[in-house]
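Structure assessment
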Amino acid sequence: MTSPRKIAAPGRKPLVIGNWKMHGDVAFIESLLAGLRKGWRQRALTQAVDVGVCPPSPYIGLAAARLAGSALSWGAQNISAHERGAYTGEVAGSMLADLACTWSLIGHSERRALFGETDAQVAAKVEQALASGVTPVICVGETLQERESGQTEDVLGRQIDAVCANLQDASGHYVLAYEPVWAIGTGLTASPAQAQAAHRFVRNRLLAGGVFSASDARILYGGSVKPGNAAELFSQPDVDGGLIGGASLVADDFLAICRAAAGVA
Ligand code: 13P
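Reading the values: rules and limits
- Throughout, a residue's number is its position along its own chain's written sequence, starting from 1.
- Per-residue local features of the predicted model are confined to residues with pLDDT of at least 70, and side-chain atom pairs are confined, for both listing and counting, to 80 or more; whole-chain, interface and lining totals are unaffected and use all residues.
- Only hydrogens and water are removed before side-chain values are computed, so all heavy atoms of the structure are retained for them.
- Throughout this description, buried means an accessible area under 20% of the type-specific maximum (1.4 Å probe, protein chains only), exposed means over 50%, and partly exposed covers the range between.
- Segments assigned H or I by DSSP are reported as helices when at least four residues long, segments assigned E as strands when at least two residues long, and all are numbered from the N terminus.
- Here, strands pair whenever DSSP counts at least two bridges between them.
- Between N-to-C directions, angles span 0 to 180 degrees; the directions come from axes that are lines fitted to C-alpha atoms, helices contributing only their stretch in contact.
- The contact definition used throughout considers only heavy atoms, calling two residues in contact when any of these lie within 4.5 Å.
- One heavy atom within 4 Å of a molecule or strand makes the whole residue count as near it.
- Polar contacts here mean pairs of N or O atoms no more than 3.5 Å apart (in protein, one a potential hydrogen donor and the other a potential acceptor; neighbouring residues in sequence count only if both atoms are side-chain atoms).
- With residues, only the protein chains shown are counted as cover, and all accessible areas are computed by Shrake-Rupley using a 1.4 Å probe.
- Amino acids outside the nonpolar list (Ala, Val, Leu, Ile, Met, Phe, Trp, Tyr, Cys, Pro) and the charged list (Asp, Glu, Lys, Arg) are all regarded as polar, and Gly is one of them.

As for the pairing of strand E1 (residues 15–19)
E1 sits mainly inside the fold: five of its five residues count as buried. With burial as the criterion, each face of E1 is covered, one bearing Leu15, Ile17 and Asn19 and the other bearing Val16 and Gly18. Pairing between E1 and strand E2 (residues 50–54): five bridges, direction parallel. Within E2, the position partnered with Asn19 by the bridge is Cys54.

Right, here's the structure in full:
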């Protein structure tokens, strides 16, 4: 095991990221971005919370153009495991960096379940993101069946162990997102206590894997976060913000969740 190093981590400032998934068109996205910019008036909020949005890839450039100069950041929902070359349909980390993407989601449960993304591919994508200067937002989480059969920690442990080697030298420039699959788009949320237990487990597992910056790493909760339940979830000691699906498509709801993360009513 490597010995602990001094690292310059971004710290655990609350972070909220909107995952727009495969929704929207130019007109919808123009209006959502305008709503976010308009609602983003309070300077205090900017100091208290970092906020990003991840549009579908054809619209990342549009988000970059509209959000440039604002306090809002943008990113991608996926990144290629390859650096460059003949990989039809893939988007390289360097391309995301070229569009000034701050974030790339990696290993979202929809990609793992619907597109067969493996732990090894997730690790390769994390490596590409870090090499490109794009912050990986690594998603982990268990299915309902896994939770009910007592396998939550096994599943989270396996998913975390797969990326520890990549994160050992990442100087804290990475984000984890705990997204219980059973809470995504279902209206069910993990209770604050369930979320806290999973987040604590994730942090400890990273530390055990030699990722000594994990004490300062941001771990987001995702899964049916709404304005009405955000504050309680975010009040848990190891919950550093949220990864928001459905509610991120409604500017007022997303902004209300950002205010909850900032601790502003
Ligand atoms: P919902 O907020 O719609 O449940 O989606 C969560 C999610 O998958 C974010 O990545």
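Describing the sheet that holds strand E3 (residues 73–76)
Spatially, E1-E2-E3-E4-E5-E6-E7-E8 is the arrangement adopted by the eight strands of the closed barrel, whose pairing is parallel. Neighbour-to-neighbour, the strand axes of this sheet turn through a mean angle of 25 degrees, independent of strand direction. Each of strand E5 (135–140) and strand E6 (175–178) is contacted by helix H8 (residues 152–167), which is oriented at about 160 degrees to E5, the strand it contacts most.

Structural notes on the site of the ligand
As a structural note, the neighbourhood of the ligand is formed by Asn19, Lys21, His108, Glu179, Ala183, Ile184, Gly185, Gly223, Ser224, Leu243, Gly245 and Gly246. Backbone polar atom of Gly185 to an oxygen atom of the ligand: 2.6 Å apart, as the coordinates give it. Measuring from an oxygen atom of the ligand, one finds a backbone N or O atom of Gly246 at 2.8 Å. Expressed as a share of its isolated accessible area of 310 Å², the protein-covered part of the ligand is 96%. Per-class residue counts for the shell around the ligand are three nonpolar, seven polar and two charged.

Side note on the environment of Gly85
Checked against the element boundaries, Gly85 lands in the loop between E3 and helix H4 (93–98). For Gly85, a relative accessible area of 63% gives the class exposed. Along the primary structure Gly85 and Asp154 are separated by 69 residues, whereas in three dimensions their C-alpha atoms are 36 Å apart.

So far we have only geometry, and geometry alone does not tell us how the molecule works.
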